[in-house]
Amino acid sequence: MRVQVDRGLCTGHARCHAVAPDVYELDDLGYNAADGTVVVPTGREEAARLGAAACPERAIHILDA
């Protein structure tokens, strides 16, 4: 599974990281640090989905189900 993060939409709420810290990494300012597409670790697919759903800006998109 992969997710894509639109850093232009991210406003630094860090809700994705709060739900799935092993999937979503933050930069020093609390914004999602992903640069484009992130490969989700095996077994963390549901956490990735929950993290994406927690984003109020909808900046995270699930690419592979």
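The paragraphs below set out a description of the structure included in this document. All values reported here derive from a predicted model rather than from experimental measurement.

The rules behind the values
Residues numbered from 1 in each chain as written. Predicted model: local features only at pLDDT ≥ 70, side-chain atom pairs only at ≥ 80, totals over all residues. Heavy atoms only, no water. Helix = DSSP H or I, 4+ residues; strand = E, 2+ residues; numbered from the N terminus. Buried < 20%, exposed > 50% of the residue type's maximum accessible area, 1.4 Å probe, protein only. Contact = heavy atoms within 4.5 Å. 1 Å grid on protein atoms, 1.4 Å probe; cavity = no way out; pocket = protein on both sides within 12 Å on 5 of 7 lines; lining within 4 Å. Points joined across faces, edges and corners; volume = space filled by probe spheres on them. Nonpolar A, V, L, I, M, F, W, Y, C, P; charged D, E, K, R; others polar. Pairing = 2+ DSSP bridges. Axes fitted to C-alpha atoms, helices over the stretch in contact; angles between N-to-C directions. Core = buried A, V, L, I, M, F, W, Y, C linked by side-chain atoms within 4.5 Å.

### Digging into the environment of Val5
Examined against the element boundaries, Val5 turns out to sit in strand β1 (residues 2–5). A relative accessible area of 5% places Val5 in the buried class. The spacing of Val5 and Tyr24 is 19 residues in sequence and 9.5 Å in space, taken between C-alpha atoms. Look past the residues within four positions of Val5 in its chain and what remains in contact with it is Asn32, Ala34, Gly36, Ala59 and Ile60.

### Digging into empty space enclosed by the protein
Taken as a whole, this structure holds one cavity of 30 Å³ or more when the rule is applied. The calculated volume of the largest cavity comes to roughly 90 Å³. If you trace the largest cavity, you find 13 residues lining it, with Cys10, Ala14, Cys16, Cys55 and Glu57 closest to the centre. Split by residue class, the lining of the largest cavity holds seven nonpolar, four polar and two charged.

### As for the sheet that holds strand β2 (residues 36–39)
If you trace the three strands from one edge of the open sheet to the other, you get β2-β1-β3, paired in antiparallel fashion. Edge strands, defined here as strands with exactly one partner in the open sheet, are β2 and β3 (60–62). For this sheet the average axis-to-axis angle between neighbouring strands, irrespective of direction, equals 30°. The strands touched by helix α2 (residues 45–54) are β1 and β3; relative to β3, the strand with the most contacts, the crossing angle is about 140°.

### Details of the nonpolar core
Counting residues in each nonpolar core, the largest one holds 16 residues, and the members touching the most others are Val3, Ala20, Val23, Tyr24, Val40, Ala48 and Ile60. Secondary structure elements with two or more residues in this core: β1 and α2. It is α2 that provides the largest number of residues to this core, a total of three residues. For Ala48, the residues in contact, after removing those within four places along its chain, are Met1, Val3, Val23, Tyr24, Val40 and Ile62.

### Considering unusual backbone geometry
One non-glycine residue, Ala14, lies in positive phi territory at about 65°. Counting through the fold element by element, Ala14 comes out in the loop between β1 and α1 (15–19). By relative accessible area, Ala14 is classed as partly exposed at 23%.

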